[in-house]
Amino acid sequence: MLQQKSKFAQLFKALSLAKALPFILLIIAIFNSYFIVVEGHVGVVKRFGEAKDQQNPGLHFKIPFIETVEMIEVRTRKNAEKMASSTKEQMPVTIEVSVNWTVNKEAALDLFKRYGGLTQFEQRILDPRFRSATKDTIPQFEAEQLIQDRASAIQGIERRLAEEMEGFPVIVDNIQIENIILPQKYINSIEIKQTEKNLAAAEEHKLERQRLEALRAVNTADARAKGILKVAEAEAQSILLKGKAEAEAIEAKAKALKNNPLIVKLTEAQAWDGKLPSTMMGEGAMPIMDIRDSARTKE
């Protein structure tokens, strides 16, 4: 009796499960009939494993259990490499370099069909070419150039990688040399050389400053000398003009005296202090008396 009850219970459960199974499958189908593509990605829809189309960010629908979705990131990605190389003078160097790159959004489906996803593309296409471009470029530069002018080395790697990646559905954004590891002996020699350059530059600056100070002193002395010369020239010109004026006055006075002898008498009379000389030489008449006599004679 108990066994029959147990069998009946099992049968009831089986019938209940059979009735519930369609509902369970329906719920699963509903949840598998849509998908969401987040920003920065595109969704590649596969039907029985075959890539059919791609969808942009947002809510989309698919055939449950038949179609699946593979997310492809189309934001900028960064790949970093640390590799050994050598400089132009055959000095060993370790370079840490990175590349930023982006999948062409419109070509995400083609990339997936050709390479099976981003990981496969990086391992099979990007990374080998990136290493090759770096190792081909670094030996073109001397160690000192790499330290002082990384930009030129970066441009060389970018140019070479752009040639290597031409035709692939990606965009190489930029490359950075993160670190340059050289032998310690060479680093020490570079530091000594740089110190000597700094000292030489300081000495050159000092000499240039002294030269400028000497030139300034010469210019100041020259300006003072020119100023003194200008003053002397002005004084000489003043003396010359004054002498010329005096000479012209004397000449005019001489002409006046020559034309009128009485002016001499008048001048003597104006200069006379009213006293007669105590000593007289000869028989000459006094000038003042002569003037009077002449006056009487005229009357």
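Small disclaimer: the values here were computed from a predicted structure and weren't measured.

Chemist: So what exactly am I meant to see when it comes to the nonpolar core here?
Modeler: Grouped burial of nonpolar side chains is what soluble globular proteins tend to show. With 41 residues, the main nonpolar core has Val103, Phe121, Met165, Val170 and Ile175 as its most contacted residues. If we ignore the near neighbours within four places in the chain, the residues touching Met165 are Phe121, Ile125, Leu126, Arg129, Val170 and Val172.

Chemist: How should I be thinking about the sheet that holds strand β7 (residues 92-103) in this particular structure?
Modeler: Think of a sheet as strands paired side by side through backbone hydrogen bonds, with each pair either parallel or antiparallel. With antiparallel pairing, three strands are arranged side by side in an open sheet as β6-β7-β8. Of all the strands in the sheet, the pair left with one neighbour each is β6 (77-86) and β8 (170-181). This sheet shows a mean twist of 25 degrees between the axes of neighbouring strands, independent of strand direction. Its contacts with the sheet put helix α5 (residues 150-164) on β7 and β8, and the angle it makes with β8 is roughly 140 degrees.

Chemist: Can you help me understand α5 in this one?
Modeler: Every α-helix winds through 3.6 residues per turn, so residues three or four apart in the chain are directed the same way. Spanning 15 residues, α5 covers 21 Å between terminal C-alpha atoms, matching the ideal 21 Å at 1.5 Å per step. By the burial criterion, the buried members of α5 are Ala153, Ile154, Gly156, Ile157 and Leu161. End-on, the buried residues of α5 take up no more than an arc of 160 degrees, which puts them together on one face. Exposed positions of α5 whose direction lies more than 90 degrees from the buried face are Arg159 and Glu163. On its buried face, α5 is in contact with β7, α3 (118-137), α4 (143-148) and β8.

Chemist: Teacher, can you tell me more about the pattern of salt bridges here?
Modeler: Throughout the structure, instances matching the rule amount to 13 salt bridges. Note that Glu70 and Lys46 form a salt bridge whose closest N and O atoms lie 3.5 Å from each other. With Glu70 in strand β5 (residues 67-73) and Lys46 in strand β2 (residues 41-47), this residue pair connects regions lying 24 residues apart in the sequence. Classification of Glu70 by relative accessible area gives partly exposed; the value is 32%. Of the residues examined, Lys46 reaches a relative accessible area of 16% and is grouped as buried.

Chemist: So what exactly am I meant to see when it comes to the sheet that holds strand β3 (residues 50-55) here?
Modeler: A sheet is described by the order of its strands in space; here three strands give the open sequence β3-β2-β5, paired in antiparallel fashion. Each edge of the sheet is formed by a strand with only one pairing partner; in this case those strands are β3 and β5. For this sheet, the mean inter-axis angle between neighbouring strands, taken without regard to orientation, is 30 degrees. In this sheet, β3 lies alongside β2 in antiparallel orientation, the contact comprising five bridges. Bridge assignment links Arg47 to a residue of β3, and that residue is Glu50. Sheet contacts for helix α2 (residues 108-115): β2, β3 and β5; angle to β3, the most-contacted strand, approximately 160 degrees.

Chemist: Sorry, what's going on with unusual backbone geometry here?
Modeler: With glycine set apart, most residues show a phi of negative sign, and most peptide bonds adopt trans. Positive phi, close to 55 degrees, is recorded for Phe48, a residue that is not glycine. Of note, Phe48 is situated in the loop between β2 and β3. Positive phi outside glycine occurs at Phe65, with the angle close to 65 degrees. A relative accessible area of 58% means that Phe65 is categorised as exposed.

Chemist: Looking at this model, I keep getting lost on α2. Mind explaining?
Modeler: Taken as a whole, α2 has its buried residues at Ala108, Leu109, Leu111, Phe112 and Tyr115. The buried side chains of α2 occupy one side of the element, clustering within an arc of 160 degrees when seen end-on. In the stretch just after α2, Gly116 is the one whose phi turns positive, near 80 degrees.

Chemist: Can you walk me through the packing of α2 against α3 in this structure?
Modeler: How two helices pack is summed up by the angle between their axes together with the distance between the axes. Contact geometry for α2 and α3: axes closest at 9 Å, N-to-C directions at 65 degrees. For the element pair α2 and α3, the recorded crossing hand is left-handed. Mapping the contact onto sequence places Leu111, Arg114 and Tyr115 in α2 and Leu118, Gln120, Phe121, Arg124 and Ile125 in α3. Taken together, the residues that form the contact of α2 with α3 break down as five nonpolar, one polar and two charged.

Chemist: Honestly, the confidence of the model for the protein in this entry has me stumped. Any pointers?
Modeler: Low-pLDDT stretches of the model should not have their predicted coordinates read in fine detail. Within the protein, residue pLDDT values average 79, and 77% of them lie at 70 or more. Here residues 291-299 is a poorly scored stretch, pLDDT under 50, and it has four contacts once near neighbours within four places are set aside; other chains count.

Chemist: Got a minute to help me understand the packing of α3 against α5 in this structure?
Modeler: Remark: α3 packs on α5, axes separated minimally by 9 Å, with the N-to-C direction vectors making an angle of 135 degrees. In terms of orientation, α3 and α5 fall into the oblique class. Taken as a pair, α3 and α5 cross one another with a handedness that is right-handed. Contact residues: Arg129, Phe130, Ala133, Thr134, Asp136 and Thr137 in α3; Ala153, Gly156, Ile157, Arg160, Leu161 and Glu164 in α5.

What counts and what doesn't
Residues numbered from 1 in each chain as written. Predicted model: local features only at pLDDT ≥ 70, side-chain atom pairs only at ≥ 80, totals over all residues. Heavy atoms only, no water. Core = buried A, V, L, I, M, F, W, Y, C linked by side-chain atoms within 4.5 Å. Buried < 20%, exposed > 50% of the residue type's maximum accessible area, 1.4 Å probe, protein only. Contact = heavy atoms within 4.5 Å. Pairing = 2+ DSSP bridges. Helix = DSSP H or I, 4+ residues; strand = E, 2+ residues; numbered from the N terminus. Axes fitted to C-alpha atoms, helices over the stretch in contact; angles between N-to-C directions. Expected span 1.5 Å × (residues − 1). Arc of directions from axis to C-beta. Salt bridge = Lys/Arg side-chain N within 4 Å of Asp/Glu carboxyl O. Left-handed = near helix turned anticlockwise from the far one by under 90°. Nonpolar A, V, L, I, M, F, W, Y, C, P; charged D, E, K, R; others polar. pLDDT = per-residue confidence, 0-100. Parallel < 35°, antiparallel > 145°, perpendicular 65-115°, else oblique.

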